[in-house]
Amino acid sequence: MKVTFKIWRQENPNAKGDFKSYEVDGLTEDMSFLEALDQLNEELVLKDEKVIAYEYDCREGICGQCGVFIDGRAHGPHANITTCQLHMRSFEDGQTITVEPWRAKAFPIIKDLVVDRSAFDRIIESGAYISSKTGTAPEANSIPIPKEIADKAMDAAACIGCGACVASCKNSSAMLFTSAKINHLNSLPQGKAESSNRLNQMTYQMDLEGFGNCTNTGACEIECPEGISIKNIAEMNAAWMKQKLFG
Amino acid sequence: MHLNSKVPEGSLEKKWQNYQLKSQLINPANKKKLSVIVVGSGLSGAGAAATLAELGYDIKCFCYQDSARRAHSVAAQGGINAAKNYQHDGDSVYRMFYDTLKGGDFRSREANTYRLAELSAPLIDHFVQQGVPFAREYGGTLVNRSFGGVQVQRTFYARGQTGQQLLLASYSQLYKMIHAKKVQMFPRSEMIDLVVINGKAKGIIVRNLVTGKLERYAADAVVLATGGYSRVFRLSTLAIGCNGSALWKAHKKGAFFAAPSFTQIHPTALPQSSDAQSKLTLMSESLRNDGRIWVPKQKEDSRKPKDIPEEERDYYLERRYPSFGNLAPRDIASRAAKERIDAGFGVGRLKNAVYLDFKHAIEKFGLETIKDRYGNLFNMYKKITGIDAYTTPMLISPAAHFSMGGLWVDYELMTTIPGLYAVGECNFSDHGANRLGANSLLQASVDGYFILPNTINNYLADEIKADSPTTDHPEFNKAEKEAQTHIDKILSINGTKTVDHFHRELGKIMWQECAMSRTKEGLEKAIEQIKTLKDDFWNDVKVTGNQNEMNTELEKAYRLADFIELGILMCTDALQRDESCGAHFREEFQTDEGEALRVDETYSYVSAWEYNKGEFNLHKEHLEFEFVKPTVRSYK
């Protein structure tokens, strides 16, 4: 199959970017979207041009490093997958496919389709941990955790940190990301001791990074590769309100 | 050179305790004055960096990804083993040690393997405390499942995302220490060379992957936690960025490379569908708990799987290995699949796969139970193939996976370069010639959290008096200049072929001759082919762009240059071992039933290779089995 990629090219964070079109032939439906870009890059090398910078690592949907806007949707036309799991069978022969980086103030562009998501790391480092040093843990079965609670924590903990939630939100909000992490740790008995500090520090850092707030459009949970529910946001907001009202 | 494994005195149960009693300690005030570089931030690197920082050392941690959370530990699916005996099924530290030693076909060091089992139970305690949402019973206690090569249930898991959950716990602990200003983190930074001063590891040269500039970092010790090198086969279950360059540079600077050819081929990956493919996605071994593997009894059978009646199916693992069945160890399951595929019984469009079928499990346990156990794996399968595995069997095929080989380390996890340590998959220590499922997350974690923080002090205690190294030392100038020359050379070739072209060629040679089945003739041919490929690469590769910018093509090129040389060493290693053991199967050495034929009298050693100007000198660490008598490894 043959497609035309219309791709955002930007030399560096300060340069002015622009779309550039590339025709790629000889693709097959079994190829992944990133493999099609790999092929384009090989062709560019042979034409003596600079390759397009885009991110990926595991290519099995778990590391969270890949992620581009494809025809106006984070991670492409399907709900709940990563860019690396998208295959060319999802496109028509002869189609023009527009590819852009995540667009959010808190995710500045580094080059072409690569953005800086270190704001997420800073939200994590502000409180997404349990302060127990290596070697201090009690016996694992000494604190039973009912299955429903462990399952709920796991649902929230599944976040891969790709940033699709921010990219698809009209407010560039990171509330799905932040709330999922808070709920994962705050729902477990081990995380309880620091729950209120975690809530305050992480939401404070989230605002500081320049992410917007949630207005409940629900776009994030559709694009989230792990299908993390926006109920997490409601729960975080409820916890926050409760804390303000009752201390 | 005599390889001193530094295994401590005493009975197996007492060795680790005896070691710690005799090891030198450092008082907290002095720890602050000592700095350690950790290269890699996966489970072993993040665990080591966080724990060393908690102890008070000054830590710098480097990773090539944009965040430590991307490291490929994230992709391990099925679980982590621990000898807790929660299931009351006869498990113990000793049994776990024995299973691991036997699983590795008696080619690992007894004392290290025992320590791995010994430290497994406290590791589960640690991760639960860090907030890992392991699977639980309704009553709230932890659940276990089985993995290949064992007959007890000792695997702990968090759905099919165990690696992700353990990594994120380690990542959180690491970033907690970054926030506390005890660790400096350098993401998008790749180690380009090791700096050795007066015979000791004292720093690294790093390429900043955003600016492209070379940078220098000095420390009192260097820890490599850079993972496996199975991307040498190009198609593998590893992340695309995984590479062997840090190991290779250390090897060239004097670190011995142990058993490089011991590579695990995982039996349950998705089959290759085209030449353009970049990756073989793994489907967790845990699926073999409930899935049954089969091929049609009739060659070239083109019927749909559901149209093939029971009596015309060959459940070949159950047939050949009745006591372990579908849970035979990985090397055995992979070879059995290859045997059937090569004999013409393969299924799928390219006839390169076998079926993994859940029909019986769904009938027995119900759809909901199977969904609960493996839901995310079935979803992943559907996303990639477009096929619903609840109604039709999965197509699976063997793929290059884990590196049992790696830098040679002693009991302290120190390489042959004083002050240079290797932890996690990048060392050779515990798995011998084949790793058991769910022991990888375990080894990475135990190395990083529990072992290294208790051994590095024994070296650093003597470094307190030494002057701290600085980056203006002539050895830093020399190493940076060499790195610069290497990069300049790659960029100046301006040939006619892409880096991926050469990687595909290398992968084909390695897969053909140095994977599941090896022969003397094939390996000799492969070495010549790779040497030719190396010449061709250095004359005809084309890389566009410059050094001083983000240049993903250049990154691929210098990683591949090292993979090519590593490929030669892997074949050399496989060639010298005239026996079959674990994942190393030499066709000349097999029993009448087609099983591996070990030759203990001659080959009961760890091969440790010294780099010598493009040649490799073999050293041997003889394995002494003081407590266990090696037997023929049978899973029948």
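Fair warning: this is a prediction, and the values are worked out from it, not measured in the lab.

### Description of the overall build of chain B
Looking only at helices and strands, one finds 18 helices and 20 strands in chain B. Computed over its C-alpha atoms, the radius of gyration of chain B comes to 24 Å, within 12% of the 26 Å expected for a compact globule of 636 residues. Summarising its shape, the C-alpha atoms of chain B cover approximately 75 × 60 × 50 Å along the three principal directions. Counting every position in chain B, which comprises 636 residues, the buried fraction comes to 67%. A separation of at least 24 residues holds for 74% of the contacts in chain B among residues at least 6 apart in sequence. Summing over all exposed atoms, chain B offers an accessible surface of approximately 21100 Å²; the carbon and sulfur share of this is 49%. The average position of the 81 basic charges and that of the 78 acidic charges among the side chains of chain B differ by 4 Å.

### A short note on the domain arrangement of chain B
Quoted interface sizes are often the accessible area lost when the parts come together. Residue and element names in this part refer to chain B. Partitioning chain B into structural domains gives domain 1 (266-400) and domain 2 (474-604). In this structure, domain 1 and domain 2 have C-alpha centres spaced 30 Å apart. Each side of the interface is counted separately: domain 1 has 10 residues, and domain 2 has 12 residues. For the domain 1 and domain 2 pair, buried surface summed over both sides reaches about 800 Å², with 58% attributable to carbon and sulfur atoms. Counting the surface domain 1 buries against domain 2, the share from its top three residues, Asp275, Arg335 and Lys338, is 54%. Scanning the region where domain 1 abuts domain 2 turns up one salt bridge. The residue Arg320 makes a salt bridge to Glu595 at a minimum N-O spacing of 3.3 Å. Along the contact surface separating domain 1 from domain 2 lie three residue pairs in polar contact (both at pLDDT 80 or more). Among the elements of the structure, α10 (330-345) and β15 (394-403) are those that each provide at least two residues to the side of domain 1 that touches domain 2. The dominant element in the side of domain 1 that touches domain 2, judged by the number of residues it contributes, is α10, at four residues.

### Here's the deal with helix α12 (residues 367-385) of chain B
All names here are of chain B. In this model, α12 (19 residues) spans only 21 Å end to end at C-alpha, well below the 27 Å of a helix rising 1.5 Å per residue. Along α12, the sharpest kink reaches roughly 80°, centred on Tyr374. Inspection of α12 places Ile370, Tyr374, Gly375, Leu377, Phe378, Met380, Tyr381 and Ile384 among the buried residues, and these make up the whole buried set. Its buried side turned inward, α12 meets α11 (359-365) and β15. Of the residues flanking the end of α12, it is Gly386, one or two places downstream, whose phi is positive at about 80°.

### Some words on the sheet that holds strand β1 (residues 3-9) of chain A
Residue and element names in this part refer to chain A. On the basis of which strands lie adjacent, the open sheet formed by five strands has the order β2-β1-β5-β3-β4 and mixed pairing. The open sheet has two free edges, formed respectively by β2 (18-24) and β4 (73-74), since each of these has just one partner strand. In terms of strand pairing, β1 meets strand β5 (residues 96-100) through four bridges, oriented parallel. Note on β5: the bridge partner recorded for Lys6 is Thr98. The strands touched by helix α1 (residues 33-46) are β1, β2, β3 (69-70) and β5; relative to β1, the strand with the most contacts, the crossing angle is about 80°.

### Topic: the packing of aromatic side chains
Residues and elements named next belong to chain B. For the structure shown, the criterion picks out 39 aromatic pairs over all chains. With a centroid separation of 4.9 Å and 70° between ring planes, the pair formed by Phe358 and Phe378 is classed as edge-to-face. In this pair, Phe358 sits in the loop between β14 (354-357) and α11 while Phe378 sits in helix α12, placing the two residues 20 residues apart along the sequence. Each member of the pair, Phe358 as well as Phe378, carries the same accessibility label: buried.

Here is what the cut-offs are and how they apply
- All chains use their own residue numbering, which begins from 1 and follows the written sequence.
- Here the convention is simple: chains get letters from A, ligands get numbers from 1, in the order in which they are written.
- Under the rules for a predicted model, residues below a pLDDT of 70 receive no local features and side-chain atom pairs below 80 are neither given nor counted, while totals for whole chains, interfaces and linings still include all residues.
- Here the side-chain values reflect all heavy atoms present in the structure, with hydrogen atoms and water set aside.
- Numbering of helices and strands runs from the N terminus; a helix is a DSSP stretch of H or I covering at least four residues, while a strand is a stretch of E covering at least two.
- Atoms considered for the radius of gyration are the C-alpha atoms alone. The globule rule reads 2.2 Å times the number of residues to the power 0.38.
- Three exposure classes are used, based on accessible area relative to the maximum for each residue type with a 1.4 Å probe and protein chains only: buried under 20%, partly exposed in between, and exposed over 50%.
- Throughout, a contact is declared for two residues whenever any of their heavy atoms are within 4.5 Å.
- Note on areas: these come from Shrake-Rupley sampling with a 1.4 Å probe, and a residue is covered only by the protein chains present in the view.
- Under the convention used here, Asp and Glu are negative, Lys and Arg are positive, and both His and the chain ends fall outside the count.
- By convention, charge coordinates are those of NZ in Lys, CZ in Arg, CG in Asp, or CD in Glu.
- Domain start and stop points were drawn from an automatic or database domain assignment.
- Using a 1.4 Å probe, buried area is obtained as the accessible area two parts lose upon being combined, added over both of them.
- Here, a salt bridge means any Lys or Arg side-chain nitrogen found within 4 Å of an Asp or Glu carboxyl oxygen.
- Two N or O atoms form a polar contact when they lie within 3.5 Å of each other; inside protein one atom must be a possible hydrogen donor and the other a possible acceptor, and for residues adjacent in sequence the pair counts only when both atoms belong to side chains.
- Given a helix with a known number of residues, its expected span is that number minus one, times 1.5 Å.
- Axes are fitted to the seven residues ending at a residue and to the seven starting at it; the angle between these axes is taken as the bend at that residue.
- Here, strands pair whenever DSSP counts at least two bridges between them.
- Here an angle of 0 to 180 degrees is reported between the N-to-C directions of two axes, which are lines fitted to C-alpha atoms, with helices fitted over the stretch in contact.
- For Phe, Tyr and Trp, rings pair up if their centres lie within 6.5 Å, where Trp contributes its six-membered ring, and each pair is then called stacked (planes under 30 degrees apart), edge-to-face (over 60) or tilted (otherwise).

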